[in-house]
Amino acid sequence: METCSSITWNLQFFAEERTEPASPRKRRREREEGRVAKSQDLGASIVIIVGLLGLSLLGGFFWQELVTYLQNTIALMGQTELGKAGWQHSLWINGLRMLVFVWLPLGGAAALAALGVTVAQVGFVITSKPLVPKLDRFNLVSGLKKIISLRSLVELFKGLIKAALFCIVIYSALRKEVKELVGALQLPLEGGLALVFHKIWKLSMKLAFLLLSIALFDYLYQKWEFERSIRMSRQEIKEEYKQMEGDPMLRSKIRQKQRELARSRMMASVPDADVVITNPTTLAIALEYDKSLMEAPVVVAMGKGFVAQRIREIAEDHKVPIVENKPLAWALYDSADIGDEIPHALYKAVAEVLAFVYKLKKKDAYGH
């Protein structure tokens, strides 16, 4: 006798693969959540390069300001005013002058560069959603998955490559410049410091441009990885389209309901009509004309088949005159719509019909 073993199916195996680019709506949701493609190294490298260029262009001015600040500070030490109250004001003024004229311009340029790089990567996005605490962030299992994920391994690999490249560049630079750096010890203080500063600046620029090169590749990878992570399946696109446009069956029902409401309003206008023109079985057009309100007769109801039959029935119930005129009925049906005045070309034909109707009403009124 055979025994049946239970089989556990992995439903993900049957899940539709995400092969379609993300829709604009999903991209907008991702941006609102703060998930965008960007490279942290790109901003850092640009800030370092801007700072180094600022030091290169304004280094002489910065050095002079620093020397002046130190001279003024040291000069205060030998003055008798240090024992008096308020002596620290001069020290504060010198420090503030140093901050305004030296560090603020350099820091402002670096901050603008960082902002420009960020906006260039992700656009202008302001959202507080990434700061909102989420319970799943404190989940130990999900935290371990993030640590051991492919993304973390890629980040570790990139970090090792950066460290290796930086070590190679630093070792190569020091190997070439070690003799000059040792010779700087024999130079006067100012000349030795200038030489050391120049060598450090040169090495820093090499490292900054190396970081920029790595950051550009990293940004391309981040963009590719982000696009891959937000891809959608065809079923997800269909579901999103339904959410945006509504379910097709629901839209069909809504349109049907709208037609029914419009038809009921149309039928409610038939009792107020002056005449119903038919062909006589398949078409019915109800006209209303009030000289004090209208420049020409207005179509208040029209229909074909069952609707035409219903218009005739309501007209008969409310004693609205029904006139058979096949050419006029077809002409009105083809050239006018509900709520429209009749076309100018049909004025004469409709006027003859209305005159006939008024004549009948007058006879009925006098009992003839």
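J.: Whenever I open this one, a negative patch on the surface confuses me. Can you help?
T.: Among the surface-exposed residues, Glu 295, Asp 337, Asp 340 and Glu 341 lie close enough to one another that they form a single negatively charged patch. Since its relative accessible area comes to 38%, Glu 341 is described here as partly exposed.

J.: Where do I start with the sheet that holds strand β4 (residues 322-324) in this structure?
T.: Strands pair in a sheet through their backbones, by hydrogen bonds, and they do so in one of two ways: parallel or antiparallel. One open sheet holds the four strands; their spatial order is β3-β2-β1-β4, and the pairing between them is mixed. Edge strands, defined here as strands with exactly one partner in the open sheet, are β3 (298-304) and β4. Taking the axes of each pair of neighbouring strands and ignoring which way they run, one obtains an average angle of 20° across the sheet. The pairing of strand β1 (residues 275-278) with β4 spans three bridges and is parallel.

J.: Help me understand the pairing of β1 in this model?
T.: Put simply, side chains in a regular strand alternate between the two faces of the sheet. Along β1, one buried face is formed by Val 275 and Ile 277 and the opposite face, lined by Val 276 and Thr 278, is buried too. Here four bridges tie β1 to strand β2 (residues 283-288), and the two strands are oriented antiparallel to one another. Within the sheet, the bridge partner assigned to Val 275 lies in β2 and is Leu 287. Hairpin connection between β1 and β2: a loop of four residues separates the two successive antiparallel strands.

J.: Explanation requested: the pattern of salt bridges in the structure shown.
T.: For side chains of opposite charge, pairing can occur when their charged atoms come near one another. This structure, assessed with the given rule, holds five salt bridges. Arg 228 serves as the salt-bridge partner of Glu 225, at 3.8 Å between the closest nitrogen and oxygen. In this pair, Glu 225 and Arg 228 both sit in helix α6 (residues 189-229), three residues apart, roughly one turn of the helix. Taking the relative accessible area as the measure of exposure, Arg 228 reaches 36% and is therefore partly exposed. Notably, a salt bridge pairs Arg 310 with Glu 313, separated by 3.2 Å at the nearest N-O pair. Of this pair, Arg 310 and Glu 313 both sit in helix α9 (residues 306-317), three residues apart, roughly one helical turn. What makes Glu 313 partly exposed here is its relative accessible area of 30%.

J.: Hey, could you run me through the nonpolar core in this one?
T.: Inside soluble globular proteins, nonpolar side chains tend to come together where they are buried. Membership of the largest hydrophobic core comes to 18 residues, with the highest contact counts inside it found for Val 275, Ile 277, Ile 285, Leu 287 and Leu 332. Of all elements in the fold, only β1, β2, β3, α10 (326-335) and α11 (347-366) reach the threshold of two or more residues within this core. No other element matches the four residues that α11 contributes to this core. If near-sequence neighbours (up to four positions away) are discounted, Leu 287 is found in contact with Ala 273, Asp 274, Val 275, Ile 277, Val 298, Val 299, Val 300, Leu 332, Ile 342 and Val 350. Within the second largest apolar cluster, 15 residues are counted, among which are Met 266, Ala 284, Ala 286 and Ala 301.

J.: Honestly, the side chain of Asp 218 in this entry has me stumped. Any pointers?
T.: Within the secondary structure layout, Asp 218 lies in helix α6. Residues in contact with Asp 218, not counting those within four places in the same chain, are Ser 39, Asp 41 and Lys 158.

J.: Whenever I open this one, the side chain of Lys 199 confuses me. Can you help?
T.: With respect to the helices, strands and loops of the structure, Lys 199 is situated in helix α6. Among residues more than four places away in sequence, those in contact with Lys 199 are Glu 177, Glu 180 and Leu 181.

J.: Looking at this structure, how should I read the packing of aromatic side chains?
T.: Each aromatic ring pair is characterised by the separation of its centres together with the angle its planes make. Counted under the stated rule, the structure contains two aromatic pairs. For the pair Tyr 221 and Trp 224, a centre-to-centre distance of 6.1 Å together with 35° between the ring planes defines the contact as tilted. Of the two residues, Tyr 221 and Trp 224 are both situated in helix α6; the distance of three residues between them amounts to about one turn of the helix. The class for Tyr 221 is partly exposed, based on a relative accessible area of 24%.

Conventions used here
- Residues numbered from 1 in each chain as written.
- Predicted model: local features only at pLDDT ≥ 70, side-chain atom pairs only at ≥ 80, totals over all residues.
- Heavy atoms only, no water.
- Patch = residues over 30% accessible without salt bridge, like charges linked within 9 Å, V, L, I, M, F, W, Y side chains within 5 Å.
- Areas by Shrake-Rupley, 256 points an atom, 1.4 Å probe, with all protein chains shown as cover.
- Salt bridge = Lys/Arg side-chain N within 4 Å of Asp/Glu carboxyl O.
- Lys, Arg positive; Asp, Glu negative; His and termini not counted.
- Charge placed at Lys NZ, Arg CZ, Asp CG, Glu CD.
- Buried < 20%, exposed > 50% of the residue type's maximum accessible area, 1.4 Å probe, protein only.
- Pairing = 2+ DSSP bridges.
- Helix = DSSP H or I, 4+ residues; strand = E, 2+ residues; numbered from the N terminus.
- Axes fitted to C-alpha atoms, helices over the stretch in contact; angles between N-to-C directions.
- Core = buried A, V, L, I, M, F, W, Y, C linked by side-chain atoms within 4.5 Å.
- Contact = heavy atoms within 4.5 Å.
- Phe/Tyr/Trp six-rings, centres within 6.5 Å; stacked < 30°, edge-to-face > 60°.

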